[in-house]
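This is what each chain is made of:
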Amino acid sequence: MVMDTFYGFKVGQSQAYDKEGFRVPVTMIKAEPLAIKNSRQVTVGKYTRELGETLTVGEPIKASDVFVAGDKVKVTGISKGKGFAGVMKRHHFHGGPKTHGQSVRARHPGSIGQSTTPGRVYRGKRMAGHMGNVQRTVTGLQIFDVKPEENLLLIRGLVPGNKGGLIKITKE
C-alpha cells in the first residue's frame, strides 16, 4: 500500500533546533492513526475523507507509516476567519489624505469607478468584504520530525488554520 496523503489536527506552533543548532519554526499536527472505513474512505476524528488510493480494511494507518523526517509536503487547511474587513486591512490600501478637509474618509477606498464609459464598476474590484475562512494550500514545506509515540508530526514552517482545525498533508 503506497499512501501519500494523511490527515491530522493542528495543535499549534512552536520552535525546534535542527542538527546545526539553528532554531526553526515548526507546526505541530496531531496525527492520530486513520481508521479505514471502506476501500477508499478513512475516518479522522469525526470526519470521513475520501482518498485516491484503494485501501484494505484492517490495521489503522499511522503517520509514521507514511512520512519520515525530511519529506517534502504540501499542507491544506482552512485559514483563520477575520470577519468583515475594510480595504485597508483586506487589500492594504493606504487611505486618503489625513489633512486638508478630509474629515471622516481616512480609511475609505476612494473613487471606485469611471465616468460615462463604461458607466459601471468592473467585476473583481477590490473592496471591503469578508476576509479569511477559505481553503489555502502551502507548498514547499518539510517534515521536521515524526513522533509516533505521541502521534505528532512536526512540520517545518507555518500552516494555515486555527488550533484544532483539520489539516491535509500530502507528499510533493
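Above this text you will find the structure in question.
Residues numbered from 1 in each chain as written. Predicted model: local features only at pLDDT ≥ 70, side-chain atom pairs only at ≥ 80, totals over all residues. Heavy atoms only, no water.

Our next topic: the overall build of the protein. Secondary structure summary: the protein contains two helices and eleven strands in total. Its helices and strands taken in sequence order, the protein reads β-β-β-β-β-α-β-β-α-β-β-β-β from the N to the C terminus. Against the 2.2 N^0.38 benchmark of 16 Å for 172 residues, the protein shows a C-alpha radius of gyration of 22 Å, more extended than a compact globule. Counting only C-alpha atoms and orienting by the principal axes, one finds that the protein spans roughly 70 × 40 × 25 Å. Burial analysis of the protein (172 residues in total) assigns 31% to the buried set. Computed over 28 positive and 13 negative side-chain charges, the separation of the two mean positions in the protein equals 20 Å. (Helix = DSSP H or I, 4+ residues; strand = E, 2+ residues; numbered from the N terminus. Rg over C-alpha atoms; globule rule 2.2 N^0.38 Å. Buried < 20%, exposed > 50% of the residue type's maximum accessible area, 1.4 Å probe, protein only. Lys, Arg positive; Asp, Glu negative; His and termini not counted. Charge placed at Lys NZ, Arg CZ, Asp CG, Glu CD.)

One way to see where empty space is left: roll a probe the size of a water molecule over the atoms. One pass over the full model with this rule turns up one cavity of 30 Å³ or more. For the largest cavity, the calculated volume is near 50 Å³. What lines the largest cavity is simply Ala-31, Lys-62, Ala-63, Ser-64, Val-146, Lys-147, Pro-148, Asn-151 and Leu-152. Contributing elements (two or more residues each) for the lining of the largest cavity: α1 (63–66) and β9 (135–147). (1 Å grid on protein atoms, 1.4 Å probe; cavity = no way out; pocket = protein on both sides within 12 Å on 5 of 7 lines; lining within 4 Å. Points joined across faces, edges and corners; volume = space filled by probe spheres on them.)

On to the pairing of strand β2 (residues 23–30). With eight bridges connecting them, strand β1 (residues 5–17) and β2 associate as antiparallel partners. Bridging across to β2, Gln-13 finds its partner in Thr-27. Hairpin connection of β1 to β2: five residues between the antiparallel strands, including Gly-21 at a positive phi of 90°. One ladder, built from five bridges, connects β2 with strand β10 (residues 152–156); its direction is antiparallel. Bridge pairing links Val-26 to Arg-156 in β10. (Pairing = 2+ DSSP bridges.)

Moving on to the packing of aromatic side chains. Tallied over the entire structure, the rule returns two aromatic pairs. Ring plane angle 40° and centroid distance 6.2 Å describe the contact between Phe-9 and Tyr-47, whose orientation is recorded as tilted. Of the two residues, Phe-9 sits in strand β1 while Tyr-47 sits in strand β5 (residues 47–50), which places them 38 residues apart along the sequence. (Phe/Tyr/Trp six-rings, centres within 6.5 Å; stacked < 30°, edge-to-face > 60°.)

Moving on, we get to the sheet that holds β2. The sheet built from six strands closes into a barrel, its strands ordered β1-β2-β10-β9-β6-β11 with antiparallel pairing. For this sheet the average axis-to-axis angle between neighbouring strands, irrespective of direction, equals 50°. Judged from the six bridges that link them, strand β6 (residues 72–78) and β9 form a sheet pairing that is antiparallel. Within the sheet, the bridge partner assigned to Gly-77 lies in β9 and is Arg-136. (Axes fitted to C-alpha atoms, helices over the stretch in contact; angles between N-to-C directions.)

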